[in-house]
Amino acid sequence: MSVADSLKRLARGWRPADDRLLGTCRLAAGGVELVGEEAIVAYFRAHPLALGSDACIVTAAQSLAIFDRDGGAALIADLYDGHIGRLWRIGAPPAPAAPFVAVAFDPDLKQARGDLALEPGDHPELASGWQAPLAAAATALARDWRGDGPPPHRVRAFVLRAWSDDDSAAALLALATWGGGAVRDIGFDYAALRLGGDGRATVVREPPAADPVWSPRL
């Protein structure tokens, strides 16, 4: 069974039978994070994700992404010697927020302004020929606003993972968004991006979460 097959099985709520899921694995989904094999399997049992045989797979030695056919969901994995060590489910319904402490954050304090933060040297599995097209698609994603209400005051996209295989490239992005209302609410969410050989981009974003609440203390 391949890693992709194991990941599809896990997404349906079944523990991979080949021990590919590491006991220390961490899953980010719907705005919360879960740690440990049992918690992750239980999550997918309660919220299964069907990834059929026609799903698009972009894989490399240390990364794997599966995009469903309709582009409404994606599952991204960090791989360690063929084992699943970290997961992101993009497109999951928002979950109730866990207790947190809000911390002020501004990536422009160094005056390094720009829509996109991408360091090619941090992504050795991304072929050089894909760097410029991926940067252009990620920048377009940061500038594209299709939600309700006023457009955001500022969006910054950070490429956390990026890689390519023979005919496609994929990236995991964190989006820092300053709201466009009278109060500049700040929030982070994830997006998954795939580029095909024809240059067409597939984007999967998190659904809108509830209005963020500034919580400087527990």
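Just so you know, these numbers come straight off a predicted model, no measurement behind them.

Chemist: I keep staring at unusual backbone geometry and nothing clicks. Help me out?
Modeler: Leaving glycine out, the prevailing phi sign among residues is negative, and the prevailing peptide bond configuration is trans. In this structure, Asp 19 takes a positive phi of about 60° despite not being glycine. Within the secondary structure, Asp 19 sits in the loop between helix H1 (3-11) and strand S1 (21-29).

Chemist: Is there a simple way to explain the nonpolar core in this structure?
Modeler: Nonpolar side chains in soluble globular proteins generally cluster together in the buried interior. Membership of the largest hydrophobic core comes to 25 residues, with the highest contact counts inside it found for Leu 7, Leu 10, Phe 44, Ile 84 and Leu 87. If you list the elements that add at least two residues to this core, you get H1, S1, helix H2 (37-46), strand S4 (63-67), strand S5 (74-80) and strand S6 (83-90). The leading source of residues in this core is H1, at five residues. Those residues within four positions of Phe 44 in sequence are excluded, and the remaining contacts are Leu 10, Ala 11, Arg 12, Gly 13, Leu 27, Leu 75, Leu 87 and Arg 89.

Chemist: Just checking my understanding: could you explain the sheet that holds S1 for this structure?
Modeler: In a beta sheet, neighbouring strands are held together by backbone hydrogen bonds and run either parallel or antiparallel to one another. With respect to topology, six strands assemble into an open sheet ordered S2-S1-S6-S5-S4-S3, the strand pairing being mixed. With one partner strand each, in any of the chains shown, strand S2 (32-35) and strand S3 (56-59) form the two edges of the open sheet. For this sheet the average axis-to-axis angle between neighbouring strands, irrespective of direction, equals 15°. Bridge count for S1 against S6 is five bridges, and the pairing is parallel. By the bridge assignment, Ala 29 is partnered in S6 with Arg 89. H2 contacts S1, S2, S5 and S6 of the sheet and is inclined by roughly 50° relative to S1.

Reading the values: the criteria
Residues numbered from 1 in each chain as written. Predicted model: local features only at pLDDT ≥ 70, side-chain atom pairs only at ≥ 80, totals over all residues. Heavy atoms only, no water. Helix = DSSP H or I, 4+ residues; strand = E, 2+ residues; numbered from the N terminus. Core = buried A, V, L, I, M, F, W, Y, C linked by side-chain atoms within 4.5 Å. Buried < 20%, exposed > 50% of the residue type's maximum accessible area, 1.4 Å probe, protein only. Contact = heavy atoms within 4.5 Å. Pairing = 2+ DSSP bridges. Axes fitted to C-alpha atoms, helices over the stretch in contact; angles between N-to-C directions.

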